[in-house]
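# Structural overview for review
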Amino acid sequence: MPARPGAVPEPPAHASQGDNPAFDMPRGPDVLAEPASLAAGWMRQRGWQAFPFQQEAWQAIAEGRSGMLHATTGSGKTYAVWLGMLDVLLRRHPHGRGAEPLRVVWLTPMRALAADTTKALAAPLRELAPNWTIGLRTGDTPSAERARQDRRMPTVLVTTPESLTLMLTREHARGELEGVEYVVIDEWHELIGSKRGVQAQLALARLRSFHPGLVTWGLSATLGNLEEAMRVLCGPDPQPAPRLVQGRIDKTLVIDTLIPPDPGKYSWAGHLGARMQLPVVEEIERSGTTLVFTNVRSQAEVWYQLLLEARPQWAGHIALHHGSLDKATREWVEQGLKEGTLRAVVATSSLDLGVDFLPVERVLQIGSAKGVARMMQRAGRSGHAPGRPSRVTLVPTNTMEIIEAAAARWAARTGRVEQRAAPAKPFDVLVQHIVTVALGGGFKPDALYAELVTAWSYRTLTRAEFDWALAFCEKGGESLGAYPEYHRIVPDEDGVYRVKDTGVARRHRLGVGTIVSDAAIHVKYLSGGSIGMMEESFIARLQPGDCFFFAGKLLEFVRVRDMAAYVRKATRNKGTVPTWMGSKMALSTELSDAVLEMMQDAAQGRFAEPELEAARPMLLTQQRLSRIPTPSTLLVEAFQSREGQHLYIYPFAGRNVHLGLASLLAWRLARDQPNTFSISINDYGFELVSAAPFAVEPVTSQRLFAGENLLEDVLASLNSSELAQRRFREIARVAGLISTGYPGQPKSTRQLQASSALFYEVFRKYDAGNLLLNQAENEVLSQELEISRLGATLRRMREKTLVFSPLRHPSPMSVPLMVERFREKLSTEQLSQRLDRILREMEGDVGA
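Reading the values: rules and limits
- Residues numbered from 1 in each chain as written.
- Predicted model: local features only at pLDDT ≥ 70, side-chain atom pairs only at ≥ 80, totals over all residues.
- Heavy atoms only, no water.
- Helix = DSSP H or I, 4+ residues; strand = E, 2+ residues; numbered from the N terminus.
- Buried < 20%, exposed > 50% of the residue type's maximum accessible area, 1.4 Å probe, protein only.
- Contact = heavy atoms within 4.5 Å.
- Areas by Shrake-Rupley, 256 points an atom, 1.4 Å probe, with all protein chains shown as cover.
- Salt bridge = Lys/Arg side-chain N within 4 Å of Asp/Glu carboxyl O.
- Core = buried A, V, L, I, M, F, W, Y, C linked by side-chain atoms within 4.5 Å.
- Phe/Tyr/Trp six-rings, centres within 6.5 Å; stacked < 30°, edge-to-face > 60°.
- Pairing = 2+ DSSP bridges.
- Axes fitted to C-alpha atoms, helices over the stretch in contact; angles between N-to-C directions.
- Left-handed = near helix turned anticlockwise from the far one by under 90°.
- pLDDT = per-residue confidence, 0-100.
- Polar contact = N/O pair within 3.5 Å; in protein donor to acceptor, adjacent residues only side chain to side chain.
- Expected span 1.5 Å × (residues − 1).

### Section: the overall build of the protein chain
Of regular secondary structure, the protein chain possesses 32 helices and 28 strands. Looking at the protein chain as a whole, 59% of its 848 residues are labelled buried. Taking the intrachain contacts of the protein chain between residues at least 6 apart in sequence as the baseline, contacts between residues at least 24 apart amount to 75%. Carbon together with sulfur atoms contributes 51% to the accessible area of the protein chain, which is approximately 33,900 Å² in total.

Pasting the structure below:
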């Protein structure tokens with residue numbers, strides 16, 4: 001069963017240079033008489049020819065401009081920026097006199113990427129500036145190397161946002177970093193939409209206060225809002241105007257689908273998963289080194305076992321890679337990929353980013369990537385060099401994912417890539433940064449406020465909001481004033497705020513960063529060997545003798561001692577797969593819209609794409625029993641069963657929005673007519689079920705889709721207090737209110753939850769104006785419920801033509817929603833029996 005191919009060129013640029021005059025000013029006189037001559041010469045010595053976009057980047061850097069470079073993965077972005085900077089630096093600072101102080105900071109979002117980047121940057125440095133040095137500083141850097149760097153910083157430092165922030169906590173941070181002339185942020189698309197990106201913004205604002213002429217460049221491969229991303233990166237009104245450089249090279253992106261021979265008329269989440277085992281194995285056998293991507297760690301563990309089950313002889317030739325595995329294991333896998341000694345690696349997003357694995361020929365994506373940018377990013381892990389094609393083969397696990405595959409290819413072809421917006425004024429990151437700056441030499445309030453508003457996310461920060469955050473760091477706000485440990489900063493006689501308490505300083509440095517996850521404990525063999533880290537919540541459910549799969553091994557749980565779970569190799573052949581906390585990925589708006597375009601083709605009898613032809617039986621059955629959703633219609637189905645009355649609505653807005661929508665409509669229905677509803681959701685729609693009958697007219701008339709009082713109704717329809725309290729746990733940790741413990745003495749999840757819950761209740765009762773509380777509520781709405789997207793979805797639902805379809809039997813679109821609900825209360829065996837009965841009844845009905 002070969003994959004059905006579909007080659008598409010790289011999507012067109014989202015905005016051509018010159019579209020916005022503010023980002024394409026006339027060029028001034030060149031800084032160099034012969035621009036980028038050293039860089040070009042170094043490349044010519046290797047027989048390489050610079051692409052036009054690389055030459056454009058060199059020119060912009062020579063003119064002293066900041067900017068952003070957007071180009072295909074594996075096209076040479078690193079050297080486009082680095083060689084231009086190196087050329088200017090060598091002319092500005094002749095290297096004959098010896099080692100140069102720190103001039104360049106290169107930020108990467110991943111430690112593994114940092115190591116690869118260091119090697120790439122070192123190659124021209126060895127020949128063009130042999131006396132200059134390059135260093136790597138991440139959480140994995142040995143203490144001896146950090147101490148050596150502390151004595152003398154390298155000329156070029158490759159690091160992460162967290163490690164750069166830690167450097168800013170040093171008392172002499174200004175003296176150590178004021179010589180930095182260039183900062184590069186790699187994989188900017190990965191950081192911009194998160195608090196890590198905000199942390200990077202604040203670090204850049206600090207470095208610009210040290211060196212006003214700082215030049216900043218971002219590198220990106222998959223991003224929809226390029227100019228906005230550049231503004232976030234470069235700060236307000238940079239002079240000269242920044243340059244957006246877009247790399248257009250002839251690189252083929254092949255997106256194809258591994259289509260099962262008989263997907264059937266009905267399908268649900270995971271329905272086809274196990275049936276794809278042998279086809280995936282056969283594709284790996286026909287290819288060179290292959291990366292097999294899954295969306296979650298538990299799925300990676302399952303597929304690693306499926307591959308070994310089908311080909312036991314592959315043991316030692318295939319591997320598993322995700323963020324919970326031991327560092328040594330991950331490094332062994334990465335080295336095997338670079339050397340081409342591994343046939344295949346099953347991985348999660350831990351290998352998404354630009355680590356250079358030249359031997360990788362093929363990428364398989366198990367299930368939907370849920371976003372166009374993510375799919376293209378993963379495709380770029382193959383053919384990771386100029387001129388080599390990148391290929392990703394999508395492996396659907398249900399029939400709707402077959403349609404998603406065609407939609408993803410269409411979206412990539414038409415350049416419909418997701419946009420990413422920077423968070424607005426996260427106060428937990430602000431509080432953490434204020435303490436960071438107080439540690440790093442201190443500050444005066446007026447100067448710090450002026451600096452903060454130059455960071456994009458805080459450009460609308462009011463002085464009153466800043467003063468609140470300052471008072472919170474100084475006195476703990478209105479409710480913690482009696483506790484000295486929350487008096488973290490104090491002004492000296494000159495009005496300079498500093499951290500005086502060594503305990504506060506130590507706790508802050510240990511807690512720097514915005515990556516928050518549930519408490520994890522080490523998984524170790526009884527002999528002491530480390531296997532990796534696992535969430536405490538999973539281990540807490542195990543009894544001695546229970547078996548589970550982890551790191552590709554079947555392990556038997558023995559005991560927990562000193563925050564470590566001790567295991568031995570299991571002798572039984574069955575075990576459970578650990579589940580990690582975190583919600584499922586939601587379908588993006590761009591991919592949702594593309595799916596509806598494919599459904600439109602099917603509704604009009606067009607099945608040109610091979611994926612649509614494979615899904616034809618399901619689509620025709622949907623059309624026969626109900627209707628096929630399209631971009632201009634909103635399908636609503638009604639069904640009566642022994643359970644009660646069912647209502648199915650298909651907005652195609654992603655599972656996060658559907659959770660909010662389902663809760664909202666159920667609440668509005670019950671407000672008019674008291675009732676209790678059960679809810680089921682997926683990426684395409686949602687189900688409302690009630691044992692008691694209810695009127696569907698408020699839905700079919702679209703009266704319930706009103707946007708008035710949306711915020712109040714959404715909060716009333718959910719347990720918003722519980723959601724906000726859960727979100728507050730993360731905020732409290734980032735803001736430094738609670739500590740995860742000291743090295744060797746970590747706190748348990750229960751301790752952290754108890755601490756954050758106590759703060760939450762204290763603030764609610766005695767400090768109602770606490771901005772961290774407001775942030776918790778705002779993050780629930782913006783991130784968990786995507787309130788802006790929810791409002792936009794309601795508006796689109798009102799604008800569409802509503803098609804109401806009463807059902808005699810569940811339709812192919814409704815069955816997956818039924819399955820989601822059954823899974824919550826039925827065992828796997830009971831679920832299988834229930835589905836068999838439902839499908840027999842439907843098939844037995846004439847015309848079904």
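### Looking at the pattern of salt bridges
Under the defined criterion, the tally for this structure stands at 41 salt bridges. Close ionic contact of Arg821 with Glu687 constitutes a salt bridge, the shortest N to O distance being 2.8 Å. A residue pair is termed long-range when its members are at least 10 positions apart, and Arg821 in helix α31 (residues 815-823) and Glu687 in strand β25 (residues 686-690) qualify at 134 residues. Glu687 shares its class with Arg821; the two are buried. Because the salt bridges share partners, they merge into one network encompassing Lys195, Asp428, Arg727, Glu730 and Glu779.

### Some remarks on the nonpolar core
Ranked by size, the top nonpolar core spans 81 residues in total, and within it Ile489, Phe728 and Leu737 carry the most contacts. Per-element accounting of this core gives the leading share, nine residues, to helix α16 (residues 427-439). Dropping the residues within four chain positions of it, Ile489 is found in contact with Ile434, Val435, Ala438, Phe443, Leu470, Cys473, Glu474, Tyr497, Arg498 and Val499. Within the second largest apolar cluster, 58 residues are counted, among which are Val360, Ala412, Phe607 and Leu619.

### Digging into the packing of aromatic side chains
To describe a pair of aromatic rings, one takes the distance between the centres and the angle between the planes. Going through the model one piece at a time under the given rule, you end up with 14 aromatic pairs. Taking 5.6 Å as the distance between ring centres and 90° as the angle between the ring planes, the aromatic pair formed by Tyr486 and Phe759 counts as edge-to-face. Highlighted residues: Tyr486 in the loop between α18 (463-475) and β15 (490-491) and Phe759 in helix α28 (residues 749-766), separated in sequence by 273 residues. Residue Tyr486 is classed as buried on the basis of its relative accessible area, which comes to 15%.

### Quick notes on the sheet that holds strand β22 (residues 633-641)
The five strands lie next to each other as β24-β25-β23-β22-β28, forming an open sheet whose pairing is mixed. In this open sheet, the two edge strands, each paired with only one partner strand, are β24 (678-681) and β28 (801-806). Between one strand axis and the next, the sheet turns by 15° as a mean value, whatever way the strands run. Here five bridges tie strand β23 (residues 644-650) to β25, and the two strands are oriented antiparallel to one another. The residue of β25 that forms the bridge with His646 is Val689. Lying over the sheet, helix α24 (residues 655-672) contacts β23, β24 and β25, oriented at roughly 30° with respect to β25.

### Some thoughts on the packing of α24 against helix α30 (residues 787-799)
Any two packed helices are characterised by how steeply their axes cross, that is the angle between the axes, and by the distance between the axes. One can describe the packing of α24 onto α30 by two numbers: an axis separation of 9 Å at closest approach and a directional angle of 65°. The chirality of how α24 crosses α30 is right-handed. Each of Val657, Gly660, Leu661 and Leu664 in α24 lies in contact with α30, whose residues at this interface are Arg789, Leu790, Thr793, Leu794 and Met797.

### Section: unusual backbone geometry
In this model, Gln239 is joined to Pro240 through a cis peptide bond whose omega is -5°. Position of Pro240 among the secondary structure elements: in the loop between α10 (226-234) and β8 (243-246). Phi at Glu187 is positive, roughly 50°, even though this residue is not glycine. Residue placement: Glu187 occurs in the loop between β6 (182-185) and α8 (188-191).

### What about the confidence of the model for the protein chain?
In this model, the protein chain carries an average pLDDT of 85, and 86% of its residues clear a pLDDT of 70 or more. Considering only residues more than four positions removed or in separate chains, one finds that residues 5-36, a stretch of pLDDT under 50, has 79 contacts.

### Points about the pairing of β24
Bridge count for β24 against β25 is four bridges, and the pairing is antiparallel. Bridge pairing in β25 places Ile679 opposite Leu688.

### Quick word on the sheet that holds β8
Strands sit in the order β4-β5-β3-β6-β7-β2-β8 across an open sheet of seven strands; the sheet is parallel. Of all the strands in the sheet, the pair left with one neighbour each is β4 (134-137) and β8. If you compare each strand with its neighbour and ignore which way they point, the axes differ by 15° on average. Pairing of strand β2 (residues 67-70) with strand β7 (residues 215-220) involves four bridges; the strand directions are parallel. When the sheet's bridge partners are listed, Gly67 is paired in β7 with Trp217. Packing of helix α2 (residues 52-62) onto the sheet brings it into contact with β2, β6, β7 and β8, and relative to β8 it is tilted by some 165°. Sheet strands touched by helix α9 (residues 195-210): β6 and β7. Its angle to β6, the strand with the most contacts, is close to 170°.

### Some remarks on the environment of Arg509
You can see Arg509 is positioned in helix α19 (residues 502-511). Under the relative-accessibility criterion, Arg509 is labelled partly exposed at 34%. A C-alpha to C-alpha distance of 9.2 Å links Arg509 and Thr165, two positions 344 residues apart in sequence. If we ignore the near neighbours within four places in the chain, the residues touching Arg509 are Leu166, Thr169, Arg170 and Leu439. Reaching out from Arg509, the side chain makes a polar contact with the backbone oxygen of Thr169 at a distance of 2.8 Å.

### Section: the environment of Ala71
Mapped onto the elements of the fold, Ala71 is located in the loop between β2 and α3 (77-92). When neighbours within four sequence positions are excluded, Ala71 is seen to be in contact with Phe53, Lys77, Ser220, Ala221 and Gly247.

### A few points about helix α12 (residues 297-310)
Owing to its 3.6 residues per turn, the α-helix brings residues three or four apart onto one side. Compared with the 20 Å implied by 1.5 Å per residue over 14 residues, the 20 Å span of α12 between its first and last C-alpha is a close match. Taken residue by residue, α12 has Ala300, Glu301, Trp303, Tyr304, Gln305, Leu306, Leu307, Leu308 and Ala310 as its buried positions. Considering only its buried residues, α12 is in contact with α11 (277-285), β11 (318-321), β12 (344-347), β13 (360-366), β19 (547-550) and β20 (553-561).

### What to know about the side chain of Gln622
Summarising the element assignment, Gln622 is placed in helix α23 (residues 616-625). Given a relative accessible area of 0%, Gln622 falls into the buried group. In terms of polar contacts, Gln622 uses its side chain to reach the side chain of Ser811, at 3.4 Å. Setting aside its immediate chain neighbours within four residues, Gln622 contacts Arg627, Ile628, Leu635, Glu637, Ser811, Pro812 and Met813.

### Topic: the environment of Gln149
The residue Gln149 is located in helix α5 (residues 143-151) in this model. Excluding residues that lie within four positions of it along the chain, Gln149 makes contacts with Gly135, Leu136, Arg137, Pro154 and Leu157.

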